[in-house]
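# Fold and contact review
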Amino acid sequence: MACGCCCVTGSCPMPPSEPAATAAPSLGQRWQEWRHLLRPGDWLTLGLGAVLCAGLFPLAWQGGAAEKAVVRSGGQVFAEVDLKQRRTLEVPGPLGRTVIAVEPGRARVAADPGPRQYCVRQGWLARPGEIAICAPNHVSLQIAGRTSAYDSLSY
Amino acid sequence: MTPSATDADCRRVLRIPLSAEDHRIARLAAAAIGLSLIDAAIPTPLPGVKPGLANIVTLIVLARCGWRAAAWVTGLRVLAGSLLLGQFLAPGFFLSATGALFSLLALGAARHLPGRWFGPVSLSVIAAFAHMAGQILLARAWLIPHDGVFLLAPLFACAALFFGTVNGLVAARFLSTPLAAEAAAAEPAHV
């Protein structure tokens, strides 16, 4: 195990088998050496691998983009709205009308007759599984994706 | 019971004839086992992400001795490596066996790629991805039957790309220095 230690510091004579190694090869030379090991198709493989890696992130981590908003009233589905265009929706409940605002990719409860306004203050919902519940007026707004990653998200 | 009788008994011990091929595979498998022990000693941030240094041996054997020898070396490495690490028949053993199987199958297909264009790095990256795919599918089917497993897929894929490239480069480096006998015979004009 002790052999070779002195060679690292350069204090020992160069091994006779490598007369060309006058000095440590520069970083550029080393890079060239390694690059020669890659054939043209290898770059293709590496590129495809990188594309595969990059493609897997959104595929695995988005759990399906937010695609629609499910509005429930009194436990029944009142409406399923595509999160593609801007629109507002009025949902009747025992206390009055809850107003749902939909924008591309997100939705929120814009107004609610409930006393504490929790669902209104929750703001925009954009991820699949997020839900705002206006309990006093028996209205809920939930974001759904293609596949539901979670049963529900709460904060 | 005379001494000569016991001698005769001893001589009746089954002797399996060993070919040079067997010795070579055993030697290479030993090298692979050593590397997989080093692999196991390296701490990793995520369970399942390992450099897979033993695959360097697989790649070299594949290039020099063919797919059959590579399969033997890999199989022996998985078996003996798991015995040494105390993982035999534990989940980790099945994971590495599945990964080895998938990567060997992928290598069996990928080695028919034109060698002029695709070198050890391509083979290594393809094998690494196959290895990862096999493991994640087994994990999904058996160990963690929930789609949440796939959340780790991007990280595993990145690790496969990185370590596949590094291992492939190391294997290519070994393969680019031809054996003394080969250097004289096979590549006289190559500079």
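Described in the following lines is the structure provided in the data block. Just so you know, these numbers come straight off a predicted model, no measurement behind them.

This brings us to the overall build of chain A. When you go through chain A residue by residue, the secondary structure sums to 4 helices and 7 strands. The buried share of chain A, taken over its 155 residues, is 33%. Considering only contacts in chain A between residues 6 or more positions apart, those separated by 24 or more positions represent 33%. Summed over its atoms, the accessible surface of chain A is roughly 10,100 Å², and 59% of this surface lies on carbon and sulfur atoms.

It is worth spelling out the packing of aromatic side chains at this point. In total, this model carries 4 aromatic pairs over all chains according to the counting rule given. Ring centres of B:Phe88 and B:Phe93 lie 5.1 Å apart, and the angle between their planes is 65°; on these two criteria the pair is classed as edge-to-face. Residue classification places B:Phe88 among the partly exposed positions, given a relative accessible area of 38%. Looking at B:Phe93, the relative accessible area reads 9%, which means it is buried. Seen from their ring centres, B:Phe93 and B:Phe94 are 5.3 Å apart, and the 70° between their planes marks the pair as edge-to-face. Since its relative accessible area comes to 31%, B:Phe94 is described here as partly exposed. Here the aromatic cluster, defined as three or more aromatic residues joined through ring pairs, consists of B:Phe88, B:Phe93, B:Phe94 and B:Trp142. For the cation-ring pair, A:Arg108 lies above A:Trp124, with the distance from its terminal atom to the ring centre recorded as 5.6 Å.

For the rest of this paragraph, the subject is the packing of helix α3 (residues 40–61) of chain A against helix α6 (residues 120–143) of chain B. Two elements in contact, α3(A) and α6(B), have axes whose closest approach is 8 Å; the angle formed by their N-to-C orientations is 25°. The angle between α3(A) and α6(B) places the two elements in the roughly parallel class. The crossing of α3(A) and α6(B) is left-handed. Touching A:Gly41, A:Asp42, A:Thr45, A:Leu46, A:Gly49, A:Leu52 and A:Cys53 of α3(A) are B:Val121, B:Ser122, B:Val125, B:Ile126 and B:Phe129, all from α6(B). Here the residues of the contact of α3(A) with α6(B) are counted per class, giving 7 nonpolar, 4 polar and 1 charged.

With that settled, consider a nonpolar patch on the surface. All names here are of chain B. Together, Leu 79, Leu 83, Phe 88, Leu 89, Phe 94, Trp 142, Leu 143 and Ile 144 give the surface a local cluster of nonpolar side chains, amounting to about 740 Å² of exposed area. Only α4 (67–85) and α6 provide two or more residues apiece to the nonpolar patch. Position of Leu 89 among the secondary structure elements: in the loop between α4 and α5 (91–110).

Here the structure, examined in full by the defined rule, presents 1 disulfide over all chains. Unpaired in terms of disulfides, A:Cys53 finds its nearest cysteine sulfur in B:Cys158, a separation of 4.1 Å. Of the residues examined, A:Cys53 reaches a relative accessible area of 4% and is grouped as buried. A residue is classified by how much of its surface remains accessible, and B:Cys158, at 30% relative accessible area, is partly exposed.

How each quantity is defined
Residues numbered from 1 in each chain as written. Chains lettered and ligands numbered in written order. Predicted model: local features only at pLDDT ≥ 70, side-chain atom pairs only at ≥ 80, totals over all residues. Heavy atoms only, no water. Helix = DSSP H or I, 4+ residues; strand = E, 2+ residues; numbered from the N terminus. Buried < 20%, exposed > 50% of the residue type's maximum accessible area, 1.4 Å probe, protein only. Contact = heavy atoms within 4.5 Å. Areas by Shrake-Rupley, 256 points an atom, 1.4 Å probe, with all protein chains shown as cover. Phe/Tyr/Trp six-rings, centres within 6.5 Å; stacked < 30°, edge-to-face > 60°. Lys NZ or Arg CZ within 6 Å of the ring centre and 35° of its normal. Axes fitted to C-alpha atoms, helices over the stretch in contact; angles between N-to-C directions. Parallel < 35°, antiparallel > 145°, perpendicular 65-115°, else oblique. Left-handed = near helix turned anticlockwise from the far one by under 90°. Nonpolar A, V, L, I, M, F, W, Y, C, P; charged D, E, K, R; others polar. Patch = residues over 30% accessible without salt bridge, like charges linked within 9 Å, V, L, I, M, F, W, Y side chains within 5 Å. Salt bridge = Lys/Arg side-chain N within 4 Å of Asp/Glu carboxyl O. Disulfide = S-S within 2.5 Å.

Shape is all these values report; function is a separate question.
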